[in-house]
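Summary of the model geometry
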There are 2 protein chains.
Amino acid sequence: MLKKERHTHIIKQVNLHNKVLSSDLAIELNVSEDTIRRDLNELDETGQIVKVHGGALSRSYHYPFQHNTIYAADAKKGIALKAIELIKDGMVVLTGGGTTIIEMVMQLPKNLSITIFTISPPVALQLADHPLIKVVLIGGELSKDSQVCTGTQVVSYLSEIKFDICFLGTNGISLMDGVTDSDLDIVQVKKAMIKASKRLVIMCIAEKLNSVQRMRVCELQQINSLITDLDPADHILQAYRRQNFQLY
Amino acid sequence: MLKKERHTHIIKQVNLHNKVLSSDLAIELNVSEDTIRRDLNELDETGQIVKVHGGALSRSYHYPFQHNTIYAADAKKGIALKAIELIKDGMVVLTGGGTTIIEMVMQLPKNLSITIFTISPPVALQLADHPLIKVVLIGGELSKDSQVCTGTQVVSYLSEIKFDICFLGTNGISLMDGVTDSDLDIVQVKKAMIKASKRLVIMCIAEKLNSVQRMRVCELQQINSLITDLDPADHILQAYRRQNFQLY
DNA sequence: TGTAAACTTGCAGGTTTTTGCAGTAATTTC
DNA sequence: GAAATTACTGCAAAAACCTGCAAGTTTACA
């Protein structure tokens, strides 16, 4: 692995998670912590990240106040607009949480008349001023950092309904491991969501392509549509084109 | 957790509440109080907060953007502080929605360890950064203007649990007609909430005293505690003092 | 192609930072 | 003014860091 590759990987991780630990990176990239430290120092000197004892933080995190800016907002808006194409009047839609999904529901046309079930309170609230959409919030224990409802309540509730289409964001997707996530509770809920839906749409910014998290949500085969911010013909998506889902 | 992360968390908390206690922060961030004290000293030295005995205060306590436009915010804050007195460690609490309730959960001490069930997504989200409170959102159809979950799902869910105490805001309360509200769906949910709780606390700003809405939620007799922003001895509350609930 | 210069990387060692704890001092509260 | 809380000091262990160095790679150029 070239130094440059490491650097882009580190920057990606920092932007994605707002922080990285030297120890984690050393394992991920299979180099010594000394090397990582040197990398972090260089990236700090060029102002791309902020190095701190134990790792590094994103530049924006350093300023606590403007933290409400969504990372890669433009990309997510592009994804949202593609996703909306899949929604037709009268559908019963199921959604997860996360900024990509919120962006999607923000873009929903005002004349669309559908029913949306969601496990995400922020998504539900965003839809509160949409005149024609019936919103059902699926209740359960609130997962604090991802702000979605989880737990057995949610899973058993989902087992009793069938949805036309399910939209999920994801933290990791790769050819080998499919869709992956890092939180057990959320994985369980996502599995139940997928099971309860006729069609599965995964929304994912390009940066998260080919990244792997600890736990598997589903195989690539279970996906019906994959939406990214890239052109479907982009070379990065080459291998994904050979899967049997629709690429947008 | 990196030191820098702790620092930004502390600054955020200070700006949000204008004060923090070392003991709370130690629990929240899961480090010793010594570490917190050192953090506070460093942040004080760099002028970001003002350290005082027991915790820290915000340096400039008027922040322009914190002028949230809740109607009668001061009154509601007063109510909130009285309400909190009724909550003890380990309780299972049920809450409705509305700005008064939100104000209450904002004021909940950081070292309080309870379970809160709520029908209000905004209340749930407000509690998301409270480390010790388990939050369960009761799901259902989202009522667009009041932003709470309603419908038969909620009612039947409530029939299966018993809560220690239930906090409700209200749109109308009067000697003749008791607690009243204007929306049928919400009235039905509130009735179910009252039925599911051992104690009922009604929170109401003075302005709404003696006002009547279209539909009855409950009789005054069913109330265990009434909290207003007035002094309990205030002459406006004279008639209410003769009821058999506690006045705060 | 061959060789020197420049760069990269891991390691050994010694240094600094961070953190919790114990003991003691200061402050608050009733 | 006694009890309780909070603060400070010094210490020790762990973690992270830095420096110099040697071995390996890449680059430049004759």
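Whatever comes next refers back to the structure up there.
Per chain, residues are indexed from 1 in the order of the written sequence. Chains carry letters and ligands carry numbers; both start at the beginning, A for chains and 1 for ligands, and go up in the order they are written. Where local features are concerned, this predicted model is filtered to residues with pLDDT of at least 70; where side-chain atom pairs are given and counted, the filter is 80 or more; whole-chain, interface and lining totals use all residues.

So, about the interface of chain B and chain A. Any residue pair is listed as a contact if its two C-beta atoms, each placed from the backbone, are within 7 Å. Contacts between the two partners involve 24 residues from chain B and, on the opposite side, 26 residues from chain A. Here a helix means four or more residues in a row that DSSP labels H or I, a strand means two or more in a row labelled E, and each is numbered from the N terminus. Secondary structure elements with two or more residues in the side of chain B that touches chain A: helix 1 (3-17), helix 6 (121-126), strand 6 (134-137) and strand 7 (140-143) of chain B. By residue number, the principal contributor to the side of chain B that touches chain A is helix 1 of chain B, which donates six residues. Gly is placed with the polar residues, together with every amino acid not listed as nonpolar (Ala, Val, Leu, Ile, Met, Phe, Trp, Tyr, Cys and Pro) or charged (Asp, Glu, Lys and Arg). Counted by class, the side of chain B that touches chain A contains 13 nonpolar, four polar and seven charged residues. Only strands that DSSP links by at least two bridges are regarded as paired with each other. Direction of pairing for strand 6 (residues 134-137) of chain A relative to strand 7 of chain B: antiparallel, over a ladder of two bridges. Along strand 7 of chain B, the bridge assignment pairs Val136 of chain A with Glu141 of chain B.

So, on to the protein's contact with DNA strand C. Placing the C-beta atom from the backbone, one calls a residue near a molecule or strand if that atom lies within 6 Å of it. DNA strand C sits among 13 residues. The nearest are Val31 and Thr35 of chain A together with Val31, Ser32 and Thr35 of chain B. Put simply, the parts of the chain that give the surface near DNA strand C at least two residues each are helix 3 (33-45) of chain A together with helix 3 (33-45) of chain B. With three residues, the single largest contributor to the surface near DNA strand C is helix 3 of chain B. In the surface near DNA strand C, the residues fall into two nonpolar, six polar and five charged.

What follows is about the sheet that holds strand 2 (residues 49-52) of chain B. Residue and element names in this part refer to chain B. The three strands lie next to each other as 1-3-2, forming an open sheet whose pairing is antiparallel. Of all strands in the sheet, those bounded by a partner on one side alone are strand 1 (19-21) and strand 2. For this sheet, the mean angle separating the axes of adjacent strands, direction not counted, is 20°. Across four bridges, strand 2 lies against strand 3 (residues 55-58) in antiparallel orientation. Counted as the bridge partner of Val50 is Leu57 from strand 3. Helix axes are fitted to C-alpha atoms over the stretch in contact, other axes to C-alpha atoms as well, and angles between N-to-C directions run from 0 to 180 degrees. Along the sheet, helix 2 (residues 22-29) makes contact with strand 1 and strand 3, crossing strand 1 at roughly 75°.

Another aspect to go through is the environment of Gly97 of chain B. Residues and elements named next belong to chain B. Examined against the element boundaries, Gly97 turns out to sit in the loop between strand 4 (92-95) and helix 5 (99-107). Look at Gly97 and you get buried, because 23 C-beta atoms sit within 10 Å. Separated by 92 residues in the primary sequence, Gly97 and Glu5 place their C-alpha atoms 32 Å from one another. Excluding residues that lie within four positions of it along the chain, Gly97 makes contacts with Ile119, Ser120, Pro122, Val123, Ser146, Gln147 and Val148. Around each residue's C-beta, the other C-beta atoms within 10 Å are counted; 20 or more make the residue buried, 12 or fewer make it exposed, and counts in between make it partly exposed. All C-beta atoms are placed from the backbone.

All names here are of chain A. Remark: helix 5 (residues 73-84) packs on helix 6 (residues 99-107), axes separated minimally by 8 Å, with the N-to-C direction vectors making an angle of 55°. The orientation of helix 5 with respect to helix 6, classified from their angle, is oblique. The two elements helix 5 and helix 6 meet at a crossing, and its hand is right-handed. The residues of helix 6 that touch helix 5, namely those facing Lys76, Lys77, Ile79, Ala80, Leu81, Ala83 and Ile84, are Thr99, Thr100, Glu103, Met104 and Gln107. Its residues placed into classes, the contact of helix 5 with helix 6 shows six nonpolar, three polar and three charged. Angles are sorted into four bins: roughly parallel if under 35 degrees, roughly antiparallel if over 145, roughly perpendicular if 65 to 115, and oblique for all others. Less than a right angle of anticlockwise turn of the near helix away from the far helix marks a crossing as left-handed, whereas a clockwise turn marks it as right-handed.

Once that is clear, we can look at the pairing of strand 5 (residues 115-118) of chain B. All names here are of chain B. Two elements, strand 4 and strand 5, share four bridges in a ladder whose sense is parallel. The partner of Thr95 across the bridge, within strand 5, is Thr118. In this fold, the crossover linking strand 4 to strand 5 by way of helix 5 has right-handed handedness. In terms of strand pairing, strand 5 meets strand 6 through four bridges, oriented parallel. A crossover gets the label right-handed when its path from the first strand over the helix to the second runs clockwise, viewed with the strands pointing away from the viewer.

Further remarks concern helix 3 of chain A. Residue and element names in this part refer to chain A. One less than the residue count of a helix, multiplied by 1.5 Å, gives the span that helix is expected to have. Across its 13 residues, helix 3 extends 18 Å between first and last C-alpha, which sits within 8% of the 18 Å expected from 1.5 Å per residue. Turning to helix 3, its buried residues are Ile36, Asp39 and Leu40. The buried residues of helix 3 all sit within an arc of 95° when viewed along its axis, so they share a single face. For helix 3, exposure combined with an orientation more than 90 degrees from the buried face picks out Asp34 and Glu45. Lining the buried residues of helix 3 we find helix 1 (3-17), helix 2 (22-29), strand 2 (50-52) and strand 3 (55-57). Within two residues after helix 3, Gly47 carries a phi angle of roughly 75°, on the positive side. Note: the arc covers the axis-to-C-beta directions of the helix.

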